[in-house]
Amino acid sequence: MADLIALVLLLAITAYSTAGGVDFGAGIWDLLAGTSSRGRQARALIDHAMAPVWEVNNVWLVLSIVLCWTAFPSLFEATFSSLYPLFTLALLGLILRGAFFAFRHVADDPRSHRIADVVFGVSSVLTPFFFAASLGAIASGRVGSGTPLEASFNPMTVAFGVVSVAATAFSGASFLVGDARRYEAPEMVAYFQRRVVAAGTALIATGTGALIVIASQAPSLLRSMLTGPGLPFALLTMVLTPVVTALVWRGIFRWYRISTVAAVGSLVFAWGFAQAPYLLPDRLTIAQAIAPPATQFVLLLVAAGVVILAVPAMGVLYYLDQRSTLESPQA
Amino acid sequence: MDVLLGLAGESALLPSRIQMAFTLATHVLLVPLGVAFPTLTLVMEGIGIARNDPVALRIARRWSVVMAVQFAVGAVTGTILSFEFGILWPRLMGRFGAALGLGFAIEGLAFFLEAIFIGIYLYGWKRLAPKTHFLLGLVLPPSGVLGTFAVLSANSFMNTPAGITVLEGRVIDIDAAATLFTESIGYEFWHFMVALYMTAGFAVASVYAVGWLRGRRDHYQRLAFAVPFTIAAALTPVQLVVGDLSARALVEDQQAKFAAMEITWATRDHNPEVIGGVIDDSGQIHFGVVVPELDSLLVGYSPNAVIRGLSTFAVDARPTIVEANITHLAFDVMVGLGLVGAALASSYFWVLARRRRLPEGVWFYRLAACAGVGCYVAVEMGWITTEVGRQPWIVYGLMRVSDAVTDAPASYVWTMLATLVVVYALLAYFFVTLLVKLAARWRREDLAPEVGAPYGPRPERLEARG
């Protein structure tokens, strides 16, 4: 049962990385869109694509945090005692992002619009960076051993952070291609096609770089990733990322979004499965940290509730989002 | 390097307490509308469908936009809180996470449902048949109730912990039902639930009370005032009873907190009620109105009822004098506001019953315009009463606040606090500006209410903004 709960936690983290990643990625492209007329058009598309989902993805983040402290209290205590600098920075990014996304709809003059755009964009880069960096810190084995500063800022945290920025940019671009197609804006489709290719390439490059960093910093994790239970997922992401890039490049718009999610999700799974059964490498296992049985039981009930109630409801929301449009102002 | 980045220094207890108080006090302001606004909106939509009244439907649809924007802000401040448990109080969660987390996990599910169904509600106005739309909306009120129960369950565990077996500082066994339903959950839940609906009702109505004072008195205004105001006013007498029951339950369950609320120093019968006033560290009471015997009478319906005094608790196990005074004054303000609200509610129902119409006096609407703010103040005061009154404990009798705090240095937490204050101020400014702009636009032109809101269905065509 303990392993099942650890899997649920990993799934929640993965859901945030993929669903939230699409959102953060859109923010990154917003930052890079510039002020040209085409950039403005791209930004309008991003705005429309994000409006329905902004902050709903927070649900996955909150679920991950709550699952962590309820199911594995000692993991939670150790992680936050060590990594509070990273979490503070990620949190700051999260608030600024939400606040300035809303502010874009309030600002009247172009200058404050520009400021809102920049803050929104920069925080869209920093938030996933610092969240992923905390996973890197855990993987590095420094949680609970070094000072908070050493645990929070080292090659592993930077490597995980950089990969996550590339991965979110990749998923963001891939889904924006879809949004541009829905709005029948061929210019924007081409615009984001190029960005999928760029981000896919960046993801492959940074991913390779990260493997080198892991090899030097946490060799046992790399071994498990390449020979142990992490292998299928590591392989999957290594195959899918170039495949999606190629598909989108050639303009074959089939399965590219679901494959993007699978590629990014496998990335998280590769780390999670490679590290199992350790929550903190060589320090704390799932069995050592797990909460008493009654708590596990309640958590599984909640997880079942999410699957039975929330997931179908999400389907309805998605359906309505695809179908419903506002009446246009002239109507 | 550590010194340079402010990662060395003294204990972060004080800034951590201030930061938690600040962020919780902010979040609590968003809770009443977050939980109860959907119900008000659904009642309005129900009226619109039943009476075939397009005005009621327009009000409901506009409210749903405000509801969604405010929910998004609440989601952000709530996420911050969940991280603060780790950043500021890692030991609390390390020791009691398995117990406290039960409530929060259930709240996670409720939050999930709310987020999705608010989305469905917002998108469904155009897409779904009116009855389907209304029925799907009915998921929202119970989700809000479930979430409120779950968070209060965690809070009541901190006040009256139960259901856990601790060995060497580690929770080794849990009785889930006993942990979720501790002694204080009953009154905490009903008292807060009623408070949320009252606050939401009075707050929404107060907007239209201001409109009335400014001369807007058409069907739209009257309907949008009457529905939330009637619900809130009907709950006000209920709250007096529930509040009274809660306070008297504390006499047994949370004796130190009750002694602080009434600033009772020595255990005694014939205990007077001190209204206002403060206590000093020798147990003397200054200022305030002292009503002889009243406290004993209220608690046990007899002047012989015995109240336990603060001085009977060990110095390090009871609120300090300052904390006791804060608890006492906050409690008095809350009760006072409750009584004013009851007076306002009775005058409303008096006019309604006698003349079969809404009141028309300027003073009634002036008071009604203040009722929303008054309720928010009362909610804050009630929350201060229960939290400050529990000091110095974070989990009563089991863990002190000072033992739960992070090892991060004070300078770090001070910096974080200062940053949060600035960011929250920005957030509040954006939020208010957005609402004011939406309201102005709605008065000016009859667009789809979602135009210009940062959350909701997207427009049909892609248009670059200016």
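Each value, and the rule that gives it
Residues numbered from 1 in each chain as written. Chains lettered and ligands numbered in written order. Predicted model: local features only at pLDDT ≥ 70, side-chain atom pairs only at ≥ 80, totals over all residues. Heavy atoms only, no water. Pairing = 2+ DSSP bridges. Helix = DSSP H or I, 4+ residues; strand = E, 2+ residues; numbered from the N terminus. Patch = residues over 30% accessible without salt bridge, like charges linked within 9 Å, V, L, I, M, F, W, Y side chains within 5 Å. Areas by Shrake-Rupley, 256 points an atom, 1.4 Å probe, with all protein chains shown as cover. Salt bridge = Lys/Arg side-chain N within 4 Å of Asp/Glu carboxyl O. Buried < 20%, exposed > 50% of the residue type's maximum accessible area, 1.4 Å probe, protein only. Phe/Tyr/Trp six-rings, centres within 6.5 Å; stacked < 30°, edge-to-face > 60°. pLDDT = per-residue confidence, 0-100. Contact = heavy atoms within 4.5 Å.

1. A few points about the pairing of strand 1 (residues 164-167) of chain B
All names here are of chain B.
Line of reasoning, step 1. Here strand 1 runs beside strand 2 (residues 170-174); their pairing, made up of four bridges, is antiparallel. Paired with T165 across the strands is D173, a residue of strand 2.
Line of reasoning, step 2. Between the antiparallel neighbours strand 1 and strand 2 lie two residues, among them E168 with a positive phi of about 50 degrees.

2. Topic: a nonpolar patch on the surface
Residue and element names in this part refer to chain B.
Line of reasoning, step 1. A contiguous nonpolar patch, built from L240, V241, L245, V335 and L339 and spanning about 420 Å² of accessible area, is present on the exposed surface.
Line of reasoning, step 2. For the nonpolar patch, the secondary structure elements donating two or more residues are helix 8 (219-253) and helix 11 (321-355).
Line of reasoning, step 3. The leading source of residues in the nonpolar patch is helix 8, at three residues.
Line of reasoning, step 4. Here V335 lies in helix 11.
Line of reasoning, step 5. You can call V335 partly exposed: its relative accessible area is 36%.

3. Some remarks on the packing of aromatic side chains
Line of reasoning, step 1. Going through the model one piece at a time under the given rule, you end up with 42 aromatic pairs over all chains.
Line of reasoning, step 2. Residues F87(A) and F83(B) carry aromatic rings whose centres are separated by 5.8 Å and whose planes lie at 50 degrees to one another, so their mutual orientation is tilted. Placement of the pair is F87(A) in helix 4 (residues 73-103) and F83(B) in helix 2 (residues 54-88), with the two residues belonging to separate chains.
Line of reasoning, step 3. Taking relative accessible area as the criterion, F83(B) reaches 1% and is therefore assigned buried.
Line of reasoning, step 4. When the ring of F253(A) is compared with that of Y256(A), the centres are 5.6 Å apart and the planes differ by 65 degrees; the resulting orientation is edge-to-face.
Line of reasoning, step 5. Judged by relative accessible area, which is 21%, F253(A) ranks as partly exposed.

4. A look at the confidence of the model for chain B
Fine structural detail should not be taken from predicted coordinates in areas where pLDDT scores are low.
Residues and elements named next belong to chain B.
Line of reasoning, step 1. Within chain B, residue pLDDT values average 88, and 94% of them lie at 70 or more.
Line of reasoning, step 2. Predicted confidence for residues 1-9 stays below pLDDT 50, and this span has 16 contacts to residues more than four positions away or in other chains.
Line of reasoning, step 3. Scored as a whole, the predicted complex attains pTM 0.90, and scored at its interfaces, ipTM 0.88.

5. Concerning the environment of G300(B)
Line of reasoning, step 1. Tracing the chain through its elements places G300(B) in helix 10 (residues 294-300).
Line of reasoning, step 2. G300(B) gets classed as partly exposed once you look at its relative accessible area, which sits at 34%.

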